Amino acid sequence: MFEVEISRTRLDLSALNYRFAGGDESIGALVSFTGLVRGNGIAAIEVEHYPGMTETVLRKQLESAAKRWPITRGSIVHRIGYLPVSEPIVWVSVASAHRAAAFSACEFLMDFLKVDAPFWKKELDVDGVWKWVEARSQDQSRASRWMGRDAATLI
Amino acid sequence: MNILLFAQLRDYYGASSAEYSDDELPLTVEELRRSLASRGSDEFREALLAPNVFCAVNQKVVDLDHTVRVGDEVGFFPPMTGG
């Protein structure tokens, strides 16, 4: 079960976790990552995306993760629209029989989501000025770590 | 053809898509980018010609030497900042 969702409404983390966890006795580990809107000097953000392409890219990332690790479920839910500080912006969850695969796959998915999925953020600062967020080179470096010699054919 | 523009590129251009005549195709992504850049403001031109701009053809990121043909969906956008 691999799912991608782009949401215009606030993410209900309890409902997402509850829905994701049930009904498969082979699952022994669930790893979830939730990204929140950080409030250092900003009041809110606005997220936009490339409809259609975003979903395709995220589904391919889930497929890549499933080729690399024995995961049984994967889900990526990403917000778009206006988000105040502290609101969840992204939720990535992975299930597997054992924890190592789920931890690695979840981190892999987040690292590639940051650099390959067509989302863009702008920030509203506390003075009421909107500014586009620049891509960070650290994000590219984190994603590149997964592109080792035996990873190249899988991504 | 409609060329889709996202984030800063859309703001600088003032519209989320740019009309482009099919008669001028095929063109490489780089030729299309340069031609489109000449239609906008200085800000738009600089942003579109930035070395880190991405182009997707039919929703897949391509290189600058990729050929754009009639019927393709083309989008230009800055580096992605999701998550």
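Please refer to the structure placed before this passage.
Calculation notes
- Throughout this document, residue positions are counted from 1 along each chain, in the order its sequence is written.
- Labels are handed out in written order, letters beginning with A for the chains and numbers beginning with 1 for the ligands.
- Local features in this predicted model are restricted to residues whose pLDDT is 70 or higher, and side-chain atom pairs enter the listing and the counts only when it is 80 or higher, whereas totals over whole chains, interfaces and linings include all residues.
- Think of the side-chain values as coming from all heavy atoms in the structure, minus any hydrogens and water.
- Under this scheme, a helix contributes an axis fitted over its contacting stretch, all axes are lines through C-alpha atoms, and angles between N-to-C directions fall in the 0 to 180 degree range.
- In this text, helices come from DSSP runs of H or I with a minimum length of four residues, and strands from runs of E with a minimum of two, each type numbered from the N-terminal end.
- With respect to orientation, any angle under 35 degrees is reported as roughly parallel, any angle over 145 as roughly antiparallel, any angle of 65 to 115 as roughly perpendicular, and every other angle as oblique.
- Here is the rule for handedness: rotate from the far helix to the near one, and if that takes an anticlockwise turn smaller than a right angle the crossing is left-handed, while a clockwise turn gives right-handed.
- We call two residues in contact whenever any of their non-hydrogen atoms come within 4.5 Å of each other.
- Side-chain classes are defined by residue name, with Ala, Val, Leu, Ile, Met, Phe, Trp, Tyr, Cys and Pro counting as nonpolar, Asp, Glu, Lys and Arg as charged, and the others, Gly among them, as polar.
- By nonpolar core is meant a set of buried Ala, Val, Leu, Ile, Met, Phe, Trp, Tyr and Cys residues that side-chain atoms within 4.5 Å join together.
- Residue burial is assigned from relative accessible area. The probe radius is 1.4 Å, only protein chains are included, and a residue is buried under 20% of its type maximum, exposed over 50%, and partly exposed in between.
- Think of a polar contact as two N or O atoms within 3.5 Å of one another; within protein, one of them needs to be a possible hydrogen donor and the other a possible acceptor, and neighboring residues in sequence only count if both atoms come from side chains.
- Using a 1.4 Å probe, buried area is obtained as the accessible area two parts lose upon being combined, added over both of them.
- Salt bridge, as applied in this entry: a Lys or Arg side-chain nitrogen positioned within 4 Å of an Asp or Glu carboxyl oxygen.

### As for the packing of helix α3 (residues 99-116) of chain A against helix α4 (residues 137-144) of chain A
All names here are of chain A.
- Axis separation between α3 and α4 bottoms out at 8 Å; the angle between their running directions is 135 degrees. As judged from the angle between their axes, α3 and α4 are oblique. Note that α3 runs across α4; the crossing there is left-handed. Where α3 abuts α4, its residues Glu 107, Asp 111, Phe 112, Lys 114 and Val 115 lie against Asp 139, Gln 140, Arg 142 and Ala 143.
- Along the lines of polarity and charge, the residues of the contact of α3 with α4 split into 3 nonpolar, 1 polar and 5 charged.

### Focus on the nonpolar core
- Core analysis: the biggest nonpolar cluster contains 43 residues, and Trp 69, Leu 109 and Trp 120 of chain A together with Phe 77 of chain B have the highest contact counts within it.
- Looking at this core, the elements with two or more residues in it are β2 (29-36), β3 (42-49), α2 (53-68), β4 (71-79), β6 (88-96), α3 and β7 (119-125) of chain A.
- The element contributing the most residues to this core is α3 of chain A, with 10 residues.
- Listed in part, the 23 residues of the second largest apolar core include Leu 5, Leu 32, Leu 36 and Ala 50 of chain B.

### Structural notes on the side chain of Thr 81 of chain B
- Summarising the element assignment, Thr 81 of chain B is placed in the segment after β7 (74-77).
- Judged by relative accessible area, Thr 81 of chain B falls into the buried class, the value being 6%.
- Within the structure, the side chain of Thr 81 of chain B is placed 3.0 Å from the backbone nitrogen of Lys 121 of chain A, a separation counted as a polar contact.
- Look past the residues within four positions of Thr 81 of chain B in its chain and what remains in contact with it is Lys 114, Phe 119, Trp 120, Lys 121, Val 133, Glu 134 and Ala 135 of chain A.

### Focus: the interface of chain B and chain A
- Counting residues at the interface gives 18 residues for chain B and 25 residues for chain A.
- Counting each side, the surface lost to burial between chain B and chain A is near 1,800 Å², with a carbon and sulfur contribution of 56%.
- Area buried by chain B at its contact with chain A is led by Met 80, Thr 81 and Gly 83 of chain B, which between them contribute 38% of it.
- On inspection of chain B and its partner chain A, the count reaches 1 salt bridge.
- Across the salt bridge formed by Arg 10 of chain B and Glu 48 of chain A, the nearest N and O atoms sit 2.7 Å from each other.
- Put simply, chain B and chain A have 12 residue pairs in polar contact (both at pLDDT 80 or more) between them.
- Secondary structure elements with two or more residues in the side of chain B that touches chain A: α1 (7-13) and β7 of chain B.

The values reported here are purely geometric and, on their own, carry no functional implication.
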